[in-house]
Amino acid sequence: MFSTYNFTTASLNHPDHPIFHSHPLYYSDARSLIPLFSDPLLAVFAPLPAYWLVSLLFHLFDISNWTWLQKYRIHDSAEVASRNRATRRQVLFAVLFQQALQTALGYMWLSEAPERADHVAAMRTIARFLSFPSVFGVPSPIQSAAPRLAYLLYWWFIPATQLLVAMVVLDTWQYFLHRAMHINKFLFKHLHSVHHRLYVPYAFGALYNHPMEGFILDSLGAVLSEAIAHLSIRQAMLFFVLSTCKTVDDHCGYRLPFDPFQMLSGNTADYHDIHHQIIGIKSNFSQPWFIHWDVILGTRMTRQDIEERRPKLKAL
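Reading guide: rules and limits
Note that residues are indexed from 1 along each chain, following the sequence as it is written. For a predicted model such as this one, the threshold for reporting local features is a pLDDT of at least 70, and the threshold for listing and counting side-chain atom pairs is 80 or more; totals across whole chains, interfaces and linings nevertheless cover every residue. No hydrogens and no water enter the side-chain calculation; it runs on all heavy atoms of the structure. Numbering of helices and strands runs from the N terminus; a helix is a DSSP stretch of H or I covering at least four residues, while a strand is a stretch of E covering at least two. Buried, partly exposed and exposed residues are distinguished by accessible area as a fraction of the type maximum, computed with a 1.4 Å probe on protein chains only: under 20%, between the cut-offs, and over 50%, respectively. Whether two residues are in contact is decided by their heavy atoms: any pair within 4.5 Å suffices. Only the protein chains shown count as cover for residues, and all accessible areas are computed by the Shrake-Rupley method using a 1.4 Å probe. Only Phe, Tyr and Trp rings are paired, with Trp represented by its six-membered ring, and only when their centres lie within 6.5 Å; those with planes under 30 degrees apart are stacked, over 60 edge-to-face, the remainder tilted. Lysine NZ or arginine CZ positioned within 6 Å of the ring centre and within 35 degrees of the ring normal marks a charge as sitting over the ring. What makes a salt bridge here is a side-chain nitrogen of Lys or Arg within 4 Å of a carboxyl oxygen of Asp or Glu, nothing more. Think of a nonpolar core as a cluster: buried Ala, Val, Leu, Ile, Met, Phe, Trp, Tyr and Cys residues, connected wherever their side-chain atoms sit within 4.5 Å. Patch rule: a residue counts if its relative accessible area is over 30% and it has no salt bridge; like charges are joined within 9 Å, and nonpolar side chains (Val, Leu, Ile, Met, Phe, Trp, Tyr) within 5 Å. Here, axes are lines fitted to C-alpha atoms. For helices the fit covers the stretch in contact, and angles between N-to-C directions go from 0 to 180 degrees. Each angle gets one of four labels, with under 35 degrees taken as roughly parallel, over 145 as roughly antiparallel, 65 to 115 as roughly perpendicular, and the rest as oblique. Helix crossings are classified by the rotation of the near helix relative to the far one: an anticlockwise turn of less than a right angle makes the crossing left-handed, while a clockwise turn makes it right-handed. The classification used treats Ala, Val, Leu, Ile, Met, Phe, Trp, Tyr, Cys and Pro as nonpolar, Asp, Glu, Lys and Arg as charged, and all other residues, Gly among them, as polar.

Colleague: Requested: an account of the overall build of the protein, with residues and values cited.
Modeller: Looking only at helices and strands, the protein has 14 helices and 0 strands in total. The buried share among the 316 residues of the protein stands at 47%. Taking all contacts inside the protein whose residues are at least 6 apart in sequence as the whole, residues at least 24 apart take part in 75%. Looking at the protein as shown, the accessible area adds up to about 17,100 Å², and 68% of this sits on carbon and sulfur atoms.

Written out as structure tokens, the structure reads:
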């Protein structure tokens, strides 16, 4: 089940339709996706393998020395070693600690799986609404298509909208807190400066943060997004995994034309890399999904902006 809107079963007089008893390909009627492992538990733990599998892929890229990859690197390997102020070992242990803390908090927050929704009743309610007569008593022109439209709304449009809302909420939460950590000297010095020890980001350093920053920015942001978007357990699972993969991708250090995240979003590894450079440290606060807040509030910086500013900086 994905959509979790609490439709009531009152006044469900719309004739039954076979499509109400069908399900999309992504749906599973199983009580849990993995036997003996509840969905709420899976939602808490699934981001861990997602983080390390994506990180491992990019780490293999880093050590492969494949010539065809060189043109996609944002920085060369020497820069990673010479300009970063934290070793890979330090980053590894800090990330593992961060993940252990976040997983423990998620486990404490864990709730039992909700009762199964009555999908048929929900679609009947939507269909009844769509086929409601006009104020002049004329039947709705979409009355005959109402069952199919109800199916599409319930199984596709509403869940997709919920996920989009969750992304926008997370982006909003992280943009303003992230920006505040750069404006406030105390917050930057004692919290956010840890992450900026990686002047040249790489994949498994994505969660290299101060633990308090990780709790405020990531953990609370995820809980808030889930609650406001009213995600189901399986929606939340998908959202947490995708957000984790996107965060790793944003720090991967590659401009990859075949990377699905970089194809679908302007908030790419190259975009975030600018923020990690001295010239862009007061720009590109948006993360992890979209860049609308940077655009609206004038904090967006592109590679072209950098090229235009460098001559002016040299002249000073």
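From this point, the narrative continues.
Colleague: Can you tell me about the side chain of S286, naming the residues and giving the values?
Modeller: One can find S286 in the loop between helix 12 (269-276) and helix 13 (292-297). We classify S286 as buried; its relative accessible area is 2%. Those residues within four positions of S286 in sequence are excluded, and the remaining contacts are Y175, N267, I291, W293 and D294.

Colleague: Explain the packing of aromatic side chains residue by residue, including any values.
Modeller: Per the counting criterion, the structure on display carries 22 aromatic pairs. Between F37 and F45 the ring centres are 6.4 Å apart and the planes differ by 65°, which places this aromatic pair in the edge-to-face class. On the accessibility criterion, F37 (27% relative accessible area) is partly exposed. Aromatic pair F58 and F61: ring centres 5.8 Å apart, planes at 85°, arrangement edge-to-face. With F58 and F61 both in helix 2 (residues 47-64) and 3 residues apart, the pair spans about one turn of that helix. Of the two residues examined, F58 and F61, each falls in the buried class. Sitting over the face of the ring of Y202, R88 holds its NZ or CZ atom 4.1 Å from the ring centroid.

Colleague: Go over the environment of S111 with me, naming the residues and quoting the values.
Modeller: For S111, the location among the structural elements is in the loop between helix 5 (88-109) and helix 6 (119-130). For the pair S111 and L41, spaced 70 residues apart in the sequence, the C-alpha separation amounts to 8.8 Å.

Colleague: Explain the pattern of salt bridges to me, using residue names and the numbers behind them.
Modeller: In the structure shown here, the tally under the stated rule is 6 salt bridges. Across the salt bridge formed by D39 and R234, the nearest N and O atoms sit 2.6 Å from each other. Note that D39 is positioned in helix 1 (residues 39-45) and R234 in helix 10 (residues 233-250), a separation of 195 residues in sequence. R234 matches D39 in its accessibility class, with the two residues each being buried. When the shortest N-O distance is used, the salt bridge between K246 and D250 registers 2.7 Å. Of this pair, K246 and D250 both sit in helix 10, 4 residues apart, which is roughly one turn of that helix. Taking relative accessible area as the criterion, K246 reaches 1% and is therefore assigned buried. Taken together, the shared-partner salt bridges connect R255, D270, D273 and R303 into one network.

Colleague: Quick one: what's the story with the nonpolar core, residue by residue and with numbers?
Modeller: In terms of nonpolar packing, the biggest core is built from 37 residues, with F58, V91, F239 and Y254 touching the most fellow members. Residue assignment for this core shows that the elements contributing at least two residues are helix 2, helix 5, helix 7 (146-183), helix 9 (211-229) and helix 10. Discounting residues that sit within four places of it in the chain, Y254 has contacts with F58, F61, D62, L69, Y72, R73, I74, Q262 and A269. Judged by nonpolar contacts, the second largest core, of 15 residues, contains M123, I126, A146 and W155.

Colleague: I'd like a rundown of a nonpolar patch on the surface, residues and numbers included.
Modeller: A cluster of nonpolar residues, I142, L149, L152 and W156, forms a patch on the protein surface that exposes about 350 Å² of accessible area. Along the chain, the position of W156 falls in helix 7.

Colleague: How would you sum up the packing of helix 7 against helix 9? Please name residues and give values.
Modeller: Contact geometry for helix 7 and helix 9: axes closest at 8 Å, N-to-C directions at 150°. Relative to helix 9, the element helix 7 lies roughly antiparallel. Like other packed secondary-structure pairs, helix 7 and helix 9 cross with a definite hand, here right-handed. On helix 9, the residues that touch Q162, V165, A166, V169, L170, W173, Q174, L177, H178 and M181 of helix 7 are E213, I216, L217, D218, L220, G221, A222, L224, S225, I228 and A229. For the contact of helix 7 with helix 9, a count of residues per class yields 14 nonpolar, 5 polar and 2 charged.

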